[in-house]
Amino acid sequence: MKKIFSITAIIIVILAVFAYIHVNQRLSEVSHNEKTVVLEIPKGSSPTKVLQILQENGVWTDELAFTLWCKKHKPALKAGWYEVPAHQTLDKIIAIFESGKSAVRKVTIPEGRASWEIPAYIQKSFPNLDTARWNSLVQDPQFAHNLGIEGNSLEGYLLPDTYPFAINSDEESILRQMVAANFKVRDEMKNRKGSMWEELGNWHRVLTLASVVEEETGIPEERPLIAGVFHNRLRLGMPLGADPTVRFIFKNLTGPIYKSQLNSGNPYNTRRFPGLMPGPISNPGRKAIEATLFPEKTEALYFVAKDDGSHTHFFSSTLADHNKYKDIAAKNRGEKK
């Protein structure tokens, strides 16, 4: 009888060892997906629901291994969108779901783009972005006011930057994220001493002038000097005289500006009307905003592009000198009198 018990005990131990080895082998296997898979874990999902999602997406099919692992470790699975790379072990897959770090798509928005230009950059990563809905939200005064914007649109408040947008982002969530980034810069700049904040009056006016500074030069080093010129003009009640504001009216981003456009009665036309426009003409970056708030001190009231390939400008404090520089610029362009 003792022999029988001993043999039985040995068999049980051997079976247990084999079962342990077998389970560990199954737990050490890797997922079946050959490429990164994006999954959504809905709020309140149980381990059983998560396993179902993994099975449906061809990531993990071993129910026993998954169940045993979850019973032992009791993972805290978080809702969200996740990217599961190819050939991951079960512990790494569940660690992704426990991290709460939702899958993102990085999108870079260049400086100085108008709101209607931005969707083209986002659609490279979010091809289903609805441009019509985007434009509608940007121009919706109620939506702007709900976000704490002082103007009637989001123009100027969409901070250029590289963003990690959640993979399930839609037009509204992306706009909210960009405006929040803009306000973060606002709060940072507002606390810096020696700025032109009080002279400009409020953040809306800061962004309005910064958008013109952004559009007038592609050379970062010139921005503080150009901002200084515009501040001088505002103090003297002179029109800013910025062609980009006319281009904004007609969405004429390139090519010639016609005399009829320069004579437009639109309040954004700074070639005719003194002071700031009603709002920004594009979305200025951090450097243009900083230059606007901390301009270079200058006596200059005019500037004109050199048109010599340097992308820089001639600056002058008198109209006579300005006209001389305009003649030089014309010669640089190969124009004859």
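Please refer to the structure higher up on the page.
Residues numbered from 1 in each chain as written. Predicted model: local features only at pLDDT ≥ 70, side-chain atom pairs only at ≥ 80, totals over all residues. Heavy atoms only, no water.

Caption draft 1: Up close: the nonpolar core. If you look at the biggest cluster of nonpolar residues, it comprises 55 residues, and the most contacted ones within it are Ile-122, Trp-134, Leu-154, Met-178, Trp-203, Phe-230 and Ile-289. The set of elements that each furnish at least two residues to this core consists of helix H6 (131-138), helix H7 (141-146), strand E4 (162-166), helix H8 (171-190), helix H9 (197-200), helix H10 (203-216), helix H11 (223-236) and helix H14 (286-293). Per element, the largest residue contribution to this core is eight residues, and it comes from H8. Apart from residues no more than four positions distant in its own chain, Trp-134 is found in contact with Ser-115, Ile-118, Pro-119, Ile-122, Leu-129, Leu-158, Glu-171, Ile-174, Leu-175 and Met-178. Leu-54, Leu-77, Val-84 and Ile-94 belong to the second-largest nonpolar core, a separate cluster that totals 21 residues. (Core = buried A, V, L, I, M, F, W, Y, C linked by side-chain atoms within 4.5 Å. Buried < 20%, exposed > 50% of the residue type's maximum accessible area, 1.4 Å probe, protein only. Helix = DSSP H or I, 4+ residues; strand = E, 2+ residues; numbered from the N terminus. Contact = heavy atoms within 4.5 Å.)

Caption draft 2: Highlighting the side chain of Thr-292. Relative to the helices and strands, Thr-292 resides in helix H14. Taking relative accessible area as the criterion, Thr-292 reaches 0% and is therefore assigned buried. Among the polar contacts made by the side chain of Thr-292, one reaches the main-chain carbonyl oxygen of Ala-288 at a distance of 2.8 Å. With near-sequence residues (within four places) excluded, Thr-292 lies in contact with Met-196, Leu-200, Val-206, Leu-209, Ala-210, Val-213, Ala-227 and His-231. (Polar contact = N/O pair within 3.5 Å; in protein donor to acceptor, adjacent residues only side chain to side chain.)

Caption draft 3: Structural view of the packing of H6 against H8. Between H6 and H8, the shortest axis-to-axis distance is 9 Å and the interhelical angle comes to 45°. Taken together, the axes of H6 and H8 lie oblique to each other. The crossing of H6 and H8 is right-handed. For the pair formed by H6 and H8, the contact residues are Arg-133, Trp-134, Leu-137 and Val-138 on the first element and Glu-171, Glu-172, Ile-174, Leu-175 and Met-178 on the second. Here the contact of H6 with H8 is built from residues that sort into six nonpolar, no polar and three charged. (Axes fitted to C-alpha atoms, helices over the stretch in contact; angles between N-to-C directions. Parallel < 35°, antiparallel > 145°, perpendicular 65-115°, else oblique. Left-handed = near helix turned anticlockwise from the far one by under 90°. Nonpolar A, V, L, I, M, F, W, Y, C, P; charged D, E, K, R; others polar.)

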